[in-house]
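Here are the chains, one letter per residue:
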Amino acid sequence: MPSLKTYVLALRPWSLPAAFSSLLVGTALAYNTFPQLSLFQLLWSWLGAISVQCTANVINTYYDYQHGVDKNENSADRTLFDYGMTASQLKTFLDLLGLASLIFGTISVISMPTWAGSIGMLMRFGTGLALGVFYTADPMKLKHIGMGDITIIITFGPLIVESLMFVQSCHLPSHMGNYSMLWAILFSLPTAMIVEAILHANNTRDLKSDAKAGIKTVAGFLGEEGSFLFECGIFFSIFFGVFLLSFHSSGFWSWFLLLPLLSFKMALTLVQDFRARKYGDLCERTGQYDIVFSVLFTAGIFLSGVSI
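Rules behind the numbers
Just so you know, the residues in each chain are numbered from 1, in the order the chain's sequence is written. Side-chain atom pairs in this predicted model are given and counted only at pLDDT of 80 or more, local residue features only at pLDDT of at least 70, and totals for whole chains, interfaces and linings cover all residues. Just so you know, side-chain values use all the structure's heavy atoms and leave hydrogens and water out. Note on geometry: axes are C-alpha line fits, over the in-contact stretch for helices, and angles between N-to-C directions span 0 to 180 degrees. Helix numbering and strand numbering both begin at the N terminus, where a helix is a DSSP run of H or I of at least 4 residues and a strand a DSSP run of E of at least 2. Oblique is the label for every angle not falling under 35 degrees (roughly parallel), over 145 degrees (roughly antiparallel), or within 65 to 115 degrees (roughly perpendicular). Two helices cross in a left-handed way if the nearer one is turned anticlockwise from the farther one by less than a right angle. They cross in a right-handed way if the turn is clockwise. Two residues qualify as a contact provided that any one of their heavy atoms is within 4.5 Å of a heavy atom in the partner residue. Here is the rule: rings of Phe, Tyr and Trp (six-membered ring for Trp) pair when centre to centre is within 6.5 Å. Planes less than 30 degrees apart are stacked, more than 60 are edge-to-face, and the remainder are tilted. By the criterion adopted, a ring carries a charge over it if an Arg CZ or a Lys NZ lies within 6 Å of its centre and within 35 degrees of its normal. The working definition used for a salt bridge is a side-chain nitrogen of Lys or Arg within 4 Å of a carboxyl oxygen of Asp or Glu.

Enquirer: Just to check I follow, could you spell out the packing of helix α6 (residues 115–134) against helix α7 (residues 148–170) for this structure?
Expert: A packed helix pair is summarised by two numbers, namely the angle formed by the two axes and the spacing between the axes. For the pair α6 and α7, the least separation of the axes is 10 Å and the interaxial angle reads 160°. Judged by the angle between their axes, α6 and α7 are roughly antiparallel. As for the relative orientation of α6 and α7, their crossing is left-handed in sense. Counted together, Ala116, Gly117, Gly120, Met121, Arg124, Thr127, Gly128 and Leu131 of α6 and Thr151, Ile154, Thr155, Leu159, Glu162, Ser163, Phe166, Val167 and Cys170 of α7 form the full contact between these two elements.

As structure tokens, then:
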């Protein structure tokens, strides 16, 4: 019987900054946009995003093992190799997580104050769960057909931020839908692209093993040299995006939206290490950078007073 620690490790808690970063951005935007926030719905949104990511993590572990992608000699995910858990035990755990996610989603849908809110919540939660499941699960296996990168960007950016804004607006009858979906998406992209940088570094490290497993990725298409240029493009888009977003606010306080520029040196080090092919802990350090960047970006949104 696996220990509690084993089950916690199977959830890959170190990957949670991917969801945290967009939740922070969405919370800051909602605070500035709406006259008041529903604290319960805010906490429920955070719990929902985190639970879906944890469930998706376990799904990915299980199906990567079943498809022969993860093997003892090459897998960075050690759940089924070092933690004392068997594939059947992981499948049972996955079934329980899936049931919990369905219950959570049902409560989220029926708790909306209007039918329009319930339908909107169903679409958003269903989309997030479907993308998380079919990232590696049959029959779609999005990761295997070159759709992994765009799936990650959508899931850990626009979907989280826009859904949080939607939930808050639904609990203010006079403000339902009273926000810009477009601007919610645009403000979500900088942190989403950092998560993409993590994935791209991972895929570049795993070029050979992914090719053997028949997995098609952007990194596999570009090759190692092209992947470096692509990583440079990701970080350029992040900082250029922040610069453009700063024009959405006016006045002296708008300059606070440029706070993420303080993290430029840290980002430059990551790019240099990518160039030097120091892939060992690059994903982990890029995840740490995600936390630094998202805190600065969230602080900038709060202090600038920008609303959407």
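What follows continues from the structure just given.
Enquirer: Would you take a moment to explain the packing of aromatic side chains for this structure?
Expert: A ring pair, where both rings are aromatic, is described by two values, the distance of the centres and the angle of the planes. Considering all chains together, one arrives at 22 aromatic pairs under this definition. Of the aromatic side chains, those joined through ring pairs into one cluster are Trp183, Phe187, Phe235, Phe239, Phe264, Tyr289, Phe293 and Phe297. Residue placement shows Arg275 over the ring face of Phe228; its charged tip is 4.7 Å from the ring centre.

Enquirer: Can you help me understand the pattern of salt bridges in this one?
Expert: Pairing is possible between side chains of opposite charge, provided their charged atoms come close. Inspection of the entire model under this criterion finds 9 salt bridges. Between Arg275 and Glu225 there is a salt bridge, with the nearest N and O atoms lying 2.7 Å from each other. A residue pair is termed long-range when its members are at least 10 positions apart, and Arg275 in helix α11 (residues 264–275) and Glu225 in helix α10 (residues 218–245) qualify at 50 residues. Taken together, the shared-partner salt bridges in this structure form one network comprising Asp273, Asp281 and Arg285.

Enquirer: Whenever I open this one, the packing of helix α8 (residues 181–205) against helix α12 (residues 282–304) confuses me. Can you help?
Expert: Orientation of α8 relative to α12, taken along the N-to-C sense of each, is 175°, at an axis distance of 10 Å. Classed by the angle they form, the pair α8 and α12 counts as roughly antiparallel. Mapping the contact onto sequence places Phe187, Pro190, Thr191, Ile194, Val195, Ala197, Ile198, Ala201, Asn202 and Arg205 in α8 and Leu282, Cys283, Thr286, Gly287, Tyr289, Asp290, Phe293, Ser294, Phe297 and Ile301 in α12.

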